[in-house]
Amino acid sequence: MMNADVDNTRGIVVKRFSSQKRARDAERSQFTPARKRPGAVDGSCCANPELRTEENTVTEQCCSDDEDFFDGYDSIMGDSSFLAKLDDVELKAEHENVCFEPPAAKSVVKQSRDDELTDSVFTEDFPDTSLRDLPSSQLAFHQDVANPKRQPGVGMENTSTPDMKHSKQPAVPALHCKKPASKARRSMTDQLKKAMLENAGISSKVSKTAQQKEAVMSEEISVAMQAIESVSMEGDLGPFFGLPSKVKDLIMRLKGIQNLYDWQKACLDLDSVKQRKNLIYSLPTSGGKTLVAEILIFRELLCRKKDALLILPYVALVQEKVRGLASFGIELDFMVEEYAGSKGKFPPVKRRTKKSLYITTIEKGHSLVNSLIETNRLDSIGLVVVDELHMLGDGSRGAILEMTLAKVLYINKNTQIIGMSATLGNIRDLQRFLKAENYTNDFRPVELKEYVKLRDGIYEVDPKEEQCFRFSRLLDFKYSSGMQKMDPDHIIALVTEVIPQQSCLIFCATKKNCENVAAMICRYLEKNFLMHKREEKATLLAELKNSGSGSLCPVLQKTVPFGLAYHHSGLTSDERKLVEEAYSSGVLCLLACTSTLAAGINLPARRVILRSPYVGVDFLKRSQYKQMVGRAGRAGIDSAGESILILQEKDKEMVKNLVSAPMEKCYSNLLHDGSKGLLSLILSLIGLNITRTVEQVTDFMSGTLLSVQETQACQQKSLKELTVDSIEILKQKGLIEALSAITDEPSLQVTRLGKATYKGSVDLSYCDILYRDLSKGLEGLLLNSFLHLVYLVTPYDMVSQSKPDWMLYFTQFSKLSAAEQKMATTIGVPESFVARKAAGQSVRKCMDALVVNRLYLALVLYSLLRETNLWHISDRFQLTRGFVQTLLSSASAFCSCVLHFTEELEEFWAYKALLTELTRRLTYCVQAELIPLMEVAGVMEFRAKQLYSAGYKTLAHLANADPNVLVKKVENLFKRQASQIVASAKMLLQEKAESLQEEVDDLLMIPVDLPSV
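These numbers come from a predicted model, not from an experiment.

**Q** Explanation requested: the packing of aromatic side chains in the structure shown.
**A** The relation between two aromatic rings is expressed through the spacing of the ring centres and the mutual angle of the planes. Counted according to the given criterion, the structure contains 19 aromatic pairs. With a centroid separation of 5.3 Å and 70° between ring planes, the pair formed by phenylalanine 240 and phenylalanine 241 is classed as edge-to-face. Owing to a relative accessible area of 8%, phenylalanine 240 belongs among the buried residues under this scheme. By relative accessible area, phenylalanine 241 is classed as buried at 18%. A centroid spacing of 5.1 Å and a plane angle of 50° characterise the contact between tyrosine 809 and tyrosine 856, whose relative ring orientation is tilted. Remark: tyrosine 856 occurs in helix H35 (residues 849-867) and tyrosine 809 occurs in helix H32 (residues 806-814); sequence separation between them is 47 residues. The class of tyrosine 809 is buried, set by a relative accessible area of 0%. Look at tyrosine 856 and you get buried, because its relative accessible area is 1%. By way of ring pairs, the aromatic residues Trp806, Tyr809, Phe833, Tyr856 and Phe877 are connected into one cluster.

**Q** Sorry if this is basic, but what is going on with the pattern of salt bridges here?
**A** Should their charged atoms come close, side chains of opposite charge can pair. Inspection of the entire model under this criterion finds 41 salt bridges. Among the ionic pairs, arginine 276 bridges to glutamate 300, the shortest N-O distance being 3.3 Å. Note that arginine 276 is positioned in the loop between helix H9 (271-274) and strand S3 (278-282) and glutamate 300 in helix H10 (residues 289-302), a separation of 24 residues in sequence. The pair formed by arginine 276 and glutamate 300 is uniform in burial state, with each residue classed as buried. Between arginine 772 and aspartate 773 there is a salt bridge, with the nearest N and O atoms lying 3.6 Å from each other. For aspartate 773, a relative accessible area of 13% corresponds to the buried category. Among the ionic contacts, a cluster of salt bridges with common partners joins Arg352, Glu998, Asp1001 and Asp1002.

**Q** Would you explain helix H37 (residues 881-903) in this entry?
**A** Helical periodicity: at 3.6 residues per turn, an α-helix aligns residues three or four positions apart in one direction. Between its first and last C-alpha atoms H37 spans 33 Å; for 23 residues at 1.5 Å apiece the expected length is 33 Å, and the two agree. The buried fraction of H37 is high, at 17 of 23 residues.

**Q** Hey, could you run me through the sheet that holds strand S9 (residues 436-440) in this one?
**A** Paired through their backbone hydrogen bonds, the strands of a sheet run either parallel or antiparallel. Read from one edge to the other, the open sheet built from 7 strands follows the order S5-S6-S4-S7-S8-S3-S9, with strand pairing classed as parallel. Pairing within the sheet leaves two strands with one partner each, and these edge strands are strand S5 (335-339) and S9. Ignoring strand direction, the axes of neighbouring strands in this sheet form an average angle of 15°. Of the strand pairs in this sheet, S3 and strand S8 (residues 416-421) are connected by 4 bridges, and their pairing is parallel. Among the inter-strand pairings, leucine 279 is bridged to a residue of S8, identified as isoleucine 418.

**Q** Sorry, what's going on with unusual backbone geometry here?
**A** Apart from glycine, the bulk of residues carry a negative phi angle, and the bulk of peptide bonds sit in the trans form. Along the chain, phenylalanine 346 connects to proline 347 via a cis peptide bond; the corresponding omega equals -10°. In this structure, arginine 276 is a non-glycine residue whose phi angle is positive, near 60°. We classify arginine 276 as buried; its relative accessible area is 16%. Positive phi, normally seen in glycine, also occurs at threonine 868, with a value near 60°. Checked against the element boundaries, threonine 868 lands in the loop between H35 and helix H36 (870-876).

**Q** Even after reading the chapter, I still don't get the environment of histidine 532, so can you show me in this structure?
**A** Inspection of the secondary structure puts histidine 532 in the loop between helix H17 (511-524) and helix H18 (534-547). Judged by its relative accessible area of 21%, histidine 532 falls in the partly exposed class. Residues contacting histidine 532, with those up to four places away along its chain left out, are Pro500, Gln501 and Lys537.

**Q** Sorry, what's going on with the pairing of strand S16 (residues 607-610) here?
**A** Across the two faces of S16 the burial is the same, with Arg607 and Ile609 and Val608 and Leu610 all buried. Where strand S13 (residues 504-507) lies against S16, 4 bridges are found, and the strand directions are parallel. Considered in S16, the bridge of leucine 505 is made with valine 608. Here S16 runs beside strand S19 (residues 640-646); their pairing, made up of 4 bridges, is parallel. Across the sheet, valine 608 pairs through a bridge with serine 643, a residue of S19.

**Q** Honestly, a negative patch on the surface in this entry has me stumped. Any pointers?
**A** Taken together, Glu695, Asp699, Asp744 and Glu745 make up a surface patch of like negative charges. Along the chain, aspartate 699 falls in helix H25 (residues 694-701). According to the relative accessible area criterion, aspartate 699 is partly exposed, its value standing at 43%.

What counts, and where the lines are drawn
Residues numbered from 1 in each chain as written. Predicted model: local features only at pLDDT ≥ 70, side-chain atom pairs only at ≥ 80, totals over all residues. Heavy atoms only, no water. Phe/Tyr/Trp six-rings, centres within 6.5 Å; stacked < 30°, edge-to-face > 60°. Buried < 20%, exposed > 50% of the residue type's maximum accessible area, 1.4 Å probe, protein only. Helix = DSSP H or I, 4+ residues; strand = E, 2+ residues; numbered from the N terminus. Salt bridge = Lys/Arg side-chain N within 4 Å of Asp/Glu carboxyl O. Expected span 1.5 Å × (residues − 1). Pairing = 2+ DSSP bridges. Axes fitted to C-alpha atoms, helices over the stretch in contact; angles between N-to-C directions. Contact = heavy atoms within 4.5 Å. Patch = residues over 30% accessible without salt bridge, like charges linked within 9 Å, V, L, I, M, F, W, Y side chains within 5 Å. Areas by Shrake-Rupley, 256 points an atom, 1.4 Å probe, with all protein chains shown as cover. Lys, Arg positive; Asp, Glu negative; His and termini not counted. Charge placed at Lys NZ, Arg CZ, Asp CG, Glu CD.

Structure, rendered in structure tokens:
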């Protein structure tokens, strides 16, 4: 029996078929011969016995009870009608040549000759568009179809070929003439020809009408299949912007968003979005840009069945987004995969059933795209979304982002690119680069009022005013002489107008200033601040102490009881997370922070205060200023948000320019830092076989942002000249080579070192040094200690950020074993040198500062691996705990890069197993039993210890946990956090299980090239 699977998509009924024959007792279809249908007259299609004798001979040749003349063919439509119309055309054309007698009266349903069947999918679902694609010969049919002449109360037999016995015919006298034997007319298959011949009982003459009919049928099938394919690819799965209502319900339940803003609806309804064109949309901070991107991602995953790539600027944002979208992945059945730090598999697991959302940092996103290009799988990515697209202008990271997007644009024209950006002065350059349309809106959910403070006065910012500032009010706060000396900028007066009932952010120029400002404010706050949410603040202090394994920052110990804290990179990730959660929940009412908070996690405030118009020693850029003041105003809580910039008289003119200047422009950074970006791009293009000749490389470069901005960026040399120069530099470095060709242009290919460099994402400045260090390490690799391996993966770019304390250096060096000290001497740092430096003596022999300082950082990492207590190590080496953690995370990421580097070079085979384990240890740097829990996005060491103590000791425990039970078992864990942890654990467990299943399937699959006899 034929197996028919019916898909209902926009009302189109599609039948798929197998090659099996249908059983004879199966339900008769519209193609079943009339004599075999229920209700038909047995053995008779004509009253004339002579005619019947001749015709039976023909029909016997066409079909027997032992053979189904359809043999695997079935209509693509459930209720197809076009064959009936075509038969009518031929019958009308040849009516005068057909000999028949009126059929005997039967108790069957009659059907009008004028009746036109109307079950075509085109008339039902595509009245406006599909007819344009139909062949001209079909238009007449559709005119009739649009206005069928049905007799009231008279039904129709579901058939694609008119049955002459059931049609009203004029009285025709019986003509006893012999009809010649029929010949099968042309159609899609021989079986179909015979079936149509037997049903219609028409002339065997192959006429122009029959040929036209075949052409019409072929074209209609083609159009139908295109329409079906279009529906399946761009399917409207529901009322919520083409998504099921379940998505809207999830957004409301998980995000608390009931309705979209008008601009969001307008953006999602743009023609460019519907037609899958590239798009850049720009709005102020906190305008709701991310939700639009997420809806487009869901549409790509669920409707188009393609993977999606979301690129975010920071690791913390990646982790937050993974936690936030894991619940959607569980509910909507797609994978959420994290690519940040040392996490992520290259190439990603090829999934047969589920689609994946890859959430990556800028660097990991580039590596991911490279791995997909190398395995010819880039077409699996249907959508690339870039948050903070203006980071194209941000140094080396901007160069990496430009490389990623340029490769996607060049290789896969069908991948849609969506960019979210701050308002830029040269957005048209980015449009030309991405071949994108632009949508801009100045919407903010909460009104923003910008002010500046000069002496005792508050002035409203109004660029339309001649002086840019319009007087608003005087500060009314009584200061003692001591307070005036401690707080000349009246910060206390400004913050006490809003705290503790409302929230406040103070952006400071330096990390030290953040701590000083928080401590200073606490000194002059009233005691009643201590009573506000007293128990919650006591709990926060306990958690901060536990996260530091019993150690607590003395500044936080003083400020948290008043509801204040500082926030900068000097905090550990555990501390930052606890502070952020406490601020979001209202336990803390004020944060003194650096500018990095404005670019990272969204922590809005009723009032934002800029301590000065500087970041470090540099004057604020307009984009930085807008990002900071954009944090003012909490949607759904505040009616308005305020920002106050404290300025001195000397900075007044510069601040005027700052608040009234046009938005900054974004420029390509491929030429940044000695054209490192351009060199890296060309190396990967050749290594990935995207380009093989100088001409092809030049052609690729014409599609970059640098090419768009060539006039401004390439003033001394043209882009083509710079490209040729870069190729020569890569040849000199031994990273690429030219293969001689007799006729054509020489072909370029990467060397082994070049391939290892781009595969490992190693900085071109250090690739040769890394190769030398690894080669030297093989000569006497120390295996009874991690120190040698840790030294080899200590990041080169971190060395300049810390200078050794020579007494500490010597103390720690002296504690090394004899074998470890010998290793240090081998790499170029003998004990005598460190001892002389510690004693303040001069050293005659010149030492390599890079090696000496790198070993010092390696000692920090080595101590951390052995003790795992970050606080103790930071105290021992007199480093901030934030720097130690940054060093650790950088080392784990670089270790992953070195691992990929060594995998491409056979001589380094021994490093593979060693570096795999070291990467794992550096990534988590905790006791081994906590590592499975810390693999879950957002679970830090302190939380992992809590979970482990509560009995959740494995990933499976977490994935199957009840959030309600989790909240009761784990102290100070909120329901929302518990739900996110469980969802992230489920997603990770599912990802691991499916990866293993894919491996099993691959192993059991029969090779396609299996030799046969």
